[in-house]
Structures are given as C-alpha cells and as structure tokens.
Amino acid sequence: MTDDAREVTYDGAAEADVIRGEPRAPGVAAMPVDGLGCHSGSEMEKAARLAGNSDILDQYAADYPQGPHDKPQSMCPAFGSLRVGLRMRRVATVLSGSACCVYGLTFVSHFYGARRSVGYVPFNSETLVTGKLFEDIRESVHDMADPDKYDAVVVTNLCVPTASGVPLRLLPKEINGVRIVGIDVPGFGIPTHAEAKDVLAGAMLNYARLEAEAGPVAMPKGGKSDRPTVALLGEMFPADPMMIGAMLAPMGLAAGPVVPCREWRELYSALDCGLVAAIHPFYTAAVREFQAAGRPVIGSAPVGLDGTAAWLDAVADEFGVPRAQLDAAKNGFLPAIKGALSGSRINGTITLSGYEGSELLVARLLIESGATVPYVGTACPKTPWSQADAEWLAAKGVKVKFRASLEDDCAAMEAVKPDLAIGTTPVVQKAKELGIPGLYFTNLISARPLMGPAGAGSLQVVVNAAIGNRDRMAHMKEFFEGVGEGDTAGIWEGAPNLRPDFRAQHQKKLDKQARAAKAEEMI
C-alpha cells in the first residue's frame, strides 16, 4: 500500500488546485534590497507619490483617515482584501510584493481555511526599476485568464510595488471574458485590514456597476427576488443574514446579498437592491458605488431591543412600509429579543476593543444584557453610518474611541480594571498578565450571531463564563508571582543582569535619529 493510499483526510483541502510556480533564475533575489517595509511610514508614501500614485493615496486618505499612528497596528491590511478574494467562487488572486510579505499573507490565509492557491509574481530591484515587473504581472494575468475556471482575476500591489509605481491601472480590463481587477493595498495607506476589504469590495462594485450600465448582465444563481431587497454591507456570521431576512419578511421585503459577495453575479443583485444597510459602517468605497447607482444607505443594525426597533423603523421609512406591516415585524421579534436579553443577565464591567468594525454593535448588545461598558475602542474611523450607535452608547455613559490605538485600549483596560477585557490579542495578553479575564474579539465574539433573538442570547453564556474565571486568573497570577516579566521574565539563578546605561545610550541614538529626520522635513 502506498503512502497516498494510507493518508487520512478530514476535508477536501488535499484536492485544492495548486498553482505550480517556476523556479527562480540564478542570481535573481527573492525580494528587493531596499530596506523599506510597511512600517517605514512616510518614506514609502513619499516614494509612492514621486512614482505617480498621488491620486490613489489621496483617495485613501479621504476614505480611510489615519489615526494616532501612521502604520498598521493589526495584521497586514492586505489580508483583508486577500480574504475577500479567496472567499469568492471562480475568482483568482495574484499578489505582487516582497516575498516575506506574500509568505506571511498566504500563511495566514491558509490558517483561516483558504483552501486555494494564491498567485505570486516575484521581482528583484532590477525588474522593479526597469518596469519588467509590470510586464511579468501582465503575462501572469494572461496565463491565468481561463474563462472555464474564473470569472475574475484580482491583482494586488503590496507596499513596495505601490511605492515604486507599478501601474496596475494599465492592465487589460478583460482577457478572454475574464475580468481583471487591479488594486493597491499598501500598509502606509490603508490603516486596517477591515478597510482593505472595502478597497476590493468597492473596486468590484465599481466594475460590476459599469457592466450593468453598459448592458444586460448575468442573472444571479438564485434568480431575482420578487420582493424589494436590502443589501447587507459587511461580513457577518452566516445565520445573521437569514435572521435579518426573517425580520424583513412581514414588511414585504427580503434580505439581499451580503457585500463582500461570494460570487461575481451577486454584485449585480446587490446593486439592484432598494436599500443598503451598512451593518459595518467603514465600507466607504462600497457606499460610494451604491450611491452612484442611486441606492440609499442606512447605518446601524437590528441588534438588541432598541437597535432592532430603530433599524426596522429606518427600513420602513425608506420603503414607505405601511404601519400595520411594520408593527407586525416588531411584534414578531421584539418580544423574543426582550426575552432572550432577560434570560441570562451579565453582571460585570467590561472594556471592549477590536478592529473588525462591529465593536459598537457588540457593546450595545452587552449593555442591554446587563453589562456595564465604560469604554469601547475601535480601530476603524468614525463615519456617518456609525453615528446612531455612537450616540446611543454615549447616552449610556460609554466612552467611544474611534481610530483607537493599542495604547488607548490598554490604558482604558488598566484604568478601569474591568471584570472582563474583550479585545485584540495584545490587549487580552496584557489583561491576563494583570489577572483580568480576557476574550479575543475576533475568534470568540465575532464568530457568533448578533442579529435578532439569536444574537440577543448569544453572548451571555461565554461572557459570564469568562467573568467567572477571575478567581482562577488571580490564583495563576499568584502562582507565577516572582518569575519576572519583560526583560527579566523566566527563572534566574542570580539577579538579572540589567544594564540601564545601555538603554539610555540606545535611546539617545533614537532621539538623534528623530531630530535628524525632523530637520530633513524642514529643509
């Protein structure tokens, strides 16, 4: 029996179509030796503007205004757009960037279950400077444009190609009937991976809108709805769109596609909606395309008792739904939501932070479940579609921080000393070091329904269980007391060899470099 015959598999990942790369030619470097990366901040941006990408960066600055820091504090932003492309059927993805960046992005993508290949066009300093990289990208796109396999090919410039001005806009818009979508997703222009999802979603909507304006387009697989639809903007737990559809049904409406979509033809159906619900409020480019198609947009979401009632009112106003139908929708769901909220109350203080864009919605749900939430931090920016949620939270005494930095979130957690800290990995790590229970927002909170009665009862069990771990966390902190932290972490036979003089000397070097950089800016 061969090794292949004995292999045990658990899903279809082993049968995924793998793109076989070509071996690198002798003397060709894996990545350019330029010393730059996404954390080089203003230097990369200057290079990109000198290379002719000012228009792109100006648009990004308007759509995704920077916060207190000029470089991403979460994972590489390009992961967001990469994830959107990899989740779509019949869509191929090609990356152009430094080899280390591409390795990290593909690793994380497969960690999250991508189960398909990611194309990569390697380059070196020579091909980057001479323009050969663009020719290589164009050649790879032509090779991949097989209409039997793909509806579209997405090509993404990472930091170095964007800074070098690799012009993806010059790629053909279509090859053999396969759409070509080129986007730039530099770490120095896109603050979070959540907003990078909007970059690709907006580019695809723009392409699909122009197709629809030019003539007839393909019918979505599920056909055209016989009722007016509400397109849902933002990635959600799979049960949430179905719950929203159930709440809309008594009003004679239906839930439309979720954007980012899972198939190209869903883009046409989304653009054909009667209303867009910006469930996640940071999709600025996508909203712009919907508005260009003449579609109205509302914010917030049917979350909790107050949120669901207000959201149903807003939908009814846009469609002119008769009062009797609106009341039927409310009477069908609001009592169930109220019952779910009162079923298992949360008794504790919680600080909440994250970079997914749904932080304000989760905070509303926690407060209506009985929790005290003094602070909510989101890495996403303030937009018109987050205003209603921000005002509701402010009325409850919550400090809402948009474009919150890691330092903001940790400072709030340390000041409040909550019964539970919900946040990103470093926030939760810091909380546990202090003996405070913590829950990772992305895996433990986002991976649950939030809408309607299902959402109202989804958080209490996990949150109460985590709060109940406080004594256990205190015992662990006491057990490990004295083993050191930071530079002195671990068990030492003698006293740690601390050298504050080295720290001071290194700090002087950093200060000198900062003064020199400041002086250059003034010249």
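Structure first, text after, so check above.
So, here is what we can say about the structure in this document. Remember, predicted model here, so these are calculated numbers, not experimental data.

### Concerning the pattern of salt bridges
Evaluated as defined, the whole model comprises 24 salt bridges. Between Arg403 and Glu195 there is a salt bridge whose closest N-O contact spans 2.7 Å. One end of the pair, Arg403, is in the loop between strand 12 (399-402) and helix 17 (406-416); the other, Glu195, is in helix 9 (residues 193-214), and 208 residues separate them in sequence. Between Lys330 and Asp313 there is a salt bridge, with the nearest N and O atoms lying 2.7 Å from each other. Taken together, the residues Lys330 in helix 14 (residues 323-343) and Asp313 in helix 13 (residues 304-319) connect sequence positions 17 residues apart. Salt bridges sharing partners connect three or more residues here, namely Arg83, Arg87, Lys197 and Glu235.

### Focus on helix 13
An ideal rise of 1.5 Å per residue puts 22 Å on 16 residues; helix 13 measures up with 22 Å between its terminal C-alpha atoms. Those residues of helix 13 lying buried are Gly304, Gly307, Thr308, Ala309, Trp311, Leu312, Val315 and Ala316. Where helix 13 is buried, its residues touch strand 6 (229-233), helix 10 (239-248), strand 8 (275-277), strand 9 (297-298), helix 14 and helix 15 (359-368). Count one or two residues on from helix 13 and you reach Gly320, which has phi positive near 65 degrees.

### So, the packing of helix 9 against helix 12 (residues 284-292)
Contact geometry for helix 9 and helix 12: axes closest at 7 Å, N-to-C directions at 20 degrees. For the element pair helix 9 / helix 12, the angle class is roughly parallel. For the pair helix 9 and helix 12, the sense of crossing is left-handed. Across the interface between the two elements, Asp198, Gly202, Leu205, Asn206 and Arg209 of helix 9 pack against Thr284, Ala285, Ala286, Glu289, Phe290 and Ala292 of helix 12. Within the contact of helix 9 with helix 12, the residues separate by chemical class into five nonpolar, three polar and three charged.

### Re the sheet that holds strand 2 (residues 119-120)
Taking strand neighbours across the sheet as the criterion, the five strands line up as 2-1-3-5-4 in an open arrangement whose pairing is mixed. Two strands bound the open sheet, and with one partner strand each, they are strand 2 and strand 4 (174-175). The sheet contact formed by strand 3 (residues 152-157) and strand 5 (residues 178-184) spans six bridges and is parallel. Note that in strand 5 the partner of Val153 across the bridge is Ile180. Packing of helix 7 (residues 132-144) onto the sheet brings it into contact with strand 1 (91-96), strand 3, strand 4 and strand 5, and relative to strand 1 it is tilted by some 165 degrees.

### What about the pairing of strand 7 (residues 254-259)?
Of all six residues in strand 7, five are buried; the element is thus mostly enclosed. Strand direction decides the pairing type here: strand 6 and strand 7, joined by four bridges, are parallel. Counted as the bridge partner of Val230 is Ala255 from strand 7. For the handedness criterion, the β-α-β arrangement of strand 6, helix 10 and strand 7 is classed as right-handed.

### Considerations on the environment of Thr192
Looking at the element boundaries, Thr192 is found in the loop between strand 5 and helix 9. Residues Thr192 and Gln66, spaced 126 residues apart in sequence, show a C-alpha to C-alpha distance of 9.8 Å. Once residues within four sequence positions are removed from consideration, Thr192 is found in contact with Ser74, Pro77, Ala379 and Arg403.

### Some remarks on helix 15
Taken across its ten residues, helix 15 has ten buried, putting it largely inside the fold. Within helix 15, the full set of buried residues consists of Glu359, Leu360, Leu361, Val362, Ala363, Arg364, Leu365, Leu366, Ile367 and Glu368.

### Things to note about the pairing of strand 1
Of all six residues that make up strand 1, six are buried, and the element is covered over most of its length. Neither face of strand 1 is open: one carries Val91, Thr93 and Leu95, the other Ala92, Val94 and Ser96, and all of them are buried. Relative to strand 3, strand 1 is paired through six bridges, and the arrangement is parallel. Each bridged residue has a counterpart across the sheet, and for Ser96 the counterpart in strand 3 is Asn157. As paired strands, strand 1 and strand 2 are joined by two bridges and run parallel to one another. Looking at the pairing, Leu95 lines up with Tyr120 of strand 2. A crossover links strand 1 with its parallel partner strand 2, the connecting element being helix 5 (residues 99-111), and its sense is right-handed.

### Some thoughts on the state of the cysteines
With the rule as written, the count across this model stands at zero disulfides. Left without a disulfide partner, Cys410 is nearest to the cysteine sulfur of Cys380, which lies 18 Å away. According to the relative accessible area criterion, Cys410 is buried, its value standing at 13%.

### Points about the packing of helix 13 against helix 15
Close contact between helix 13 and helix 15 brings their axes to 7 Å; oriented N to C, the two are set at 125 degrees. Classified by the interaxial angle, the pair formed by helix 13 and helix 15 is oblique. Residues Gly304, Leu305, Asp306 and Gly307 of helix 13 lie in contact with helix 15, whose contacting residues are Arg364, Leu365 and Glu368. Across the contact of helix 13 with helix 15, the residue classes break down as two nonpolar, two polar and three charged.

### Describing the side chain of Glu263
Along the chain, Glu263 falls in the loop between strand 7 and helix 11 (264-271). Apart from the residues lying within four places of it in its own chain, the contact partners of Glu263 are Met88, Arg89 and Lys221.

### Some remarks on the sheet that holds strand 9
Paired through their backbone hydrogen bonds, the strands of a sheet run either parallel or antiparallel. Taken in spatial order, the four strands of this open sheet run 7-6-8-9, and their pairing is parallel. The sheet terminates laterally at strand 7 and strand 9, the two strands that pair on one side only. Across three bridges, the pairing between strand 6 and strand 8 is parallel. Within the sheet, the bridge partner assigned to Leu232 lies in strand 8 and is Ala277.

### Here's the deal with a nonpolar patch on the surface
Taken together, Met476, Phe479, Phe480, Val483 and Ile491 make up a surface patch of nonpolar side chains, about 560 Å² in accessible area. When you line up the elements, Ile491 lands in the loop between helix 22 (470-479) and helix 23 (500-522).

### Comments concerning the packing of aromatic side chains
Scanning the entire structure with this criterion turns up four aromatic pairs. Aromatic side chains Tyr207 and Trp264 sit 5.6 Å apart centroid to centroid with 85 degrees between the ring planes, which places their arrangement in the edge-to-face category. With a gap of 57 residues between them, Tyr207 in helix 9 and Trp264 in helix 11 connect regions that are remote in the sequence. We classify Tyr207 as buried; its relative accessible area is 14%. Among the residues examined, Trp264 registers a relative accessible area of 1% and is labelled buried.

The rules behind the values
- Residues numbered from 1 in each chain as written.
- Predicted model: local features only at pLDDT ≥ 70, side-chain atom pairs only at ≥ 80, totals over all residues.
- Heavy atoms only, no water.
- Salt bridge = Lys/Arg side-chain N within 4 Å of Asp/Glu carboxyl O.
- Helix = DSSP H or I, 4+ residues; strand = E, 2+ residues; numbered from the N terminus.
- Expected span 1.5 Å × (residues − 1).
- Buried < 20%, exposed > 50% of the residue type's maximum accessible area, 1.4 Å probe, protein only.
- Contact = heavy atoms within 4.5 Å.
- Axes fitted to C-alpha atoms, helices over the stretch in contact; angles between N-to-C directions.
- Parallel < 35°, antiparallel > 145°, perpendicular 65-115°, else oblique.
- Left-handed = near helix turned anticlockwise from the far one by under 90°.
- Nonpolar A, V, L, I, M, F, W, Y, C, P; charged D, E, K, R; others polar.
- Pairing = 2+ DSSP bridges.
- Right-handed = clockwise from strand over helix to strand, strands pointing away.
- Disulfide = S-S within 2.5 Å.
- Patch = residues over 30% accessible without salt bridge, like charges linked within 9 Å, V, L, I, M, F, W, Y side chains within 5 Å.
- Areas by Shrake-Rupley, 256 points an atom, 1.4 Å probe, with all protein chains shown as cover.
- Phe/Tyr/Trp six-rings, centres within 6.5 Å; stacked < 30°, edge-to-face > 60°.

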